[in-house]
Amino acid sequence: MFALAEAIFPICRSITGEGVRETLRILGRHLPLKRREVPTGTRVLDWEIPKEWVIREAFIEDMNGNRILDFRECNLTVLNYSIPVDRIVHLEELREHVHTLPDQPDAIPYRTSYYAPRWGFCMPHRQLEALASGMYRVRIDSELKDGSLAYGEYVHQGETDREFLLTTHICHPSMANDNCSGLALLTLLARDLSHRRTRYTYRFLFAPGTIGALAWLAANEDRVKLIDHGLVISCVGDSGGPSYKRSRRHDAFIDRAMAHVLRNASGSRLLDFSPYGYDERQFCSPGFNLPVGLFQRSTFATFPEYHTSADNLDFIRPEYLADSYRLLMDAIDIVEKDWTPLNLFPKGEPQLGRRGLYGALGGDKSASEKAMAMLWVLNLADGENSLLAIAERSGLNFDDVAGAAELLREHGLLAASVAE
Ligand code: ZN
């Protein structure tokens, strides 16, 4: 995952343009991604696909031709979606077009202007402060043309058409945690899942933030009713968290599964839904109200590296990517393995000893835990509680509950509830 994040890190992405396509090509080496193109001007819900942004070059030079700032060295230095400019301007005017972070004077901010036509640069505050008064040449060789917005999709067909949607944005330029980490993790998770037989159909969506999610929703309005579970993934490679923001529904199955998975993870945080963040904003808008939550490590906008040049490859680590991957796979396991058991001997406890199931009395701790799991499952298997509900109420791990239920089913003590 780290190597893949590293490979896509240098690319200058935006909500449209070749950067997205190039990124999809690299991700596509690991799984058969389908690229979709939505033409400029297409109405998507209340929005419209904008013109496609092309960026070739951007720099600031002093009057002796010395480069002060060069897009080729860092793609954050140009305001993302900047209109073209080629002028000689005085420092005073230049300042109005330069974005800096006075509180983090060595970092370059990441700034965009997708929907208001502006030109601009981003640089370290210290560098701006050091510029001598006088004239500068500013050149941004960009273009806004009729083109299209690209997004990538991969579907792993399961035994049923009920869907689990996993998505991340694909529109930030060189930012490691806030974007490359999510893209790398989802790609390799999709690849690994593609080799598994699954109950659910898994849809992986790599779409530019906001407008890409809206474009997908507009094109799939009749499909969204198939979505039973969903996760937006971002910022999954840093040392913070892990954290989960609930869907608008608050207690959707995925909300409960993620809460269960994070229960024992140190430093984990559970957050209630709020209408600000990543594309859960679109999936959880009232007209869709999908069961889609947000999984992150550090939550957006809370870490100083967020949307700055400090969100680089040193900020993410393979072990945190791996931990995020495991947590997501654990949630997927719960979704895949959950079922609702019905106790076939509900009057009194069935005699476990006679069936060789009550081996706990020798004092073996793990055997006694297994016995407790069986007792909990038998007691709550009234057809109302799924395995996750039993895990929640008993405080046991889902895996232990699922293992006990399987054993009891093999011994004819449980059946799947008819509602299954
Ligand atoms: Zn971001």
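Residues numbered from 1 in each chain as written. Predicted model: local features only at pLDDT ≥ 70, side-chain atom pairs only at ≥ 80, totals over all residues. Heavy atoms only, no water.

Judged by pairing direction, the sheet is mixed, and its eight strands sit side by side in the order E1-E10-E12-E11-E13-E16-E14-E15 without closing on themselves. With partners counted over all chains shown, the strands left at the sheet margins are strand E1 (34-39) and strand E15 (269-271), one partner each. Pairwise comparison of adjacent strand axes, ignoring direction, gives a mean angle of 20° for this sheet. Where strand E14 (residues 243-245) meets strand E16 (residues 292-296), three bridges bridge the pair, whose relative direction is antiparallel. Counterpart to Lys245 in the pairing with E16 is Leu294. Each of strand E10 (148-156), strand E11 (163-169), strand E12 (201-207) and strand E13 (227-233) touches helix H5 (residues 176-193); the most contacted strand, E11, lies at about 150° to it. (Pairing = 2+ DSSP bridges. Helix = DSSP H or I, 4+ residues; strand = E, 2+ residues; numbered from the N terminus. Axes fitted to C-alpha atoms, helices over the stretch in contact; angles between N-to-C directions. Contact = heavy atoms within 4.5 Å.)

Right, let's get into the sheet that holds strand E6 (residues 85-90). Reading across from one edge, E5-E4-E9-E6 is the order of the four strands in this open sheet, with antiparallel pairing throughout. Both outer strands of the open sheet, strand E5 (67-70) and E6, are each paired with one neighbouring strand and no more. Each strand of the sheet is rotated relative to its neighbour by a mean of 15°, with strand direction disregarded. As paired elements, strand E4 (residues 52-62) and E5 share three bridges and run antiparallel to each other. Bridging from a neighbouring strand, Phe59 pairs with Asp70 of E5.

For the rest of this paragraph, the subject is the pairing of E16. Working note: regular strand, side chains alternate between the two faces of the sheet. For E16, the buried fraction is high: five of the five residues fall into the buried class. The side-chain alternation of E16 yields two buried faces, one formed by Val292, Leu294 and Gln296 and the other by Gly293 and Phe295. Sheet topology note: the E13/E16 ladder contains four bridges and is parallel. Paired with Ile233 across the strands is Phe295, a residue of E16. (Buried < 20%, exposed > 50% of the residue type's maximum accessible area, 1.4 Å probe, protein only.)

Turning our eyes to something else, we now look at the coordination of the zinc ion. Only His172 (NE2), Asp178 (OD) and His307 (NE2) from the protein reach the zinc ion as donors, at distances of 2.0 to 2.1 Å. Going along the chain, you hit the donors of the zinc ion in the pattern H-x5-D-x128-H. Of the two residues, His172 is situated in the loop between E11 and H5 and His307 in the loop between E16 and helix H9 (318-337); the sequence distance between them amounts to 135 residues. The pair formed by His172 and His307 is uniform in burial state, with each residue classed as buried. (Donors = N, O, S within 2.8 Å, 3.2 Å for Na, K, Ca; no water.)

Attention now moves to the packing of aromatic side chains. All told, the structure shown has twelve aromatic pairs when counted by the stated rule. One residue, Arg355, lies across the ring of Phe345, its end atom 5.1 Å from the ring centre. (Phe/Tyr/Trp six-rings, centres within 6.5 Å; stacked < 30°, edge-to-face > 60°. Lys NZ or Arg CZ within 6 Å of the ring centre and 35° of its normal.)

In terms of domain boundaries, the protein breaks down into domain 1 (2-50 + 148-337), domain 2 (53-145) and domain 3 (341-416). The C-alpha-based centres of domain 1 and domain 2 are spaced at 31 Å. Listed as interface residues are 21 residues of domain 1 and, on the opposing side, 16 residues of domain 2. Between domain 1 and domain 2, the buried area comes to about 1,400 Å², and carbon and sulfur atoms account for 57% of it. Area buried by domain 1 at its contact with domain 2 is led by Cys12, Ile15 and Ser309, which between them contribute 29% of it. (Domains from an automatic or database assignment. Buried area = accessible area lost by both parts, 1.4 Å probe.)

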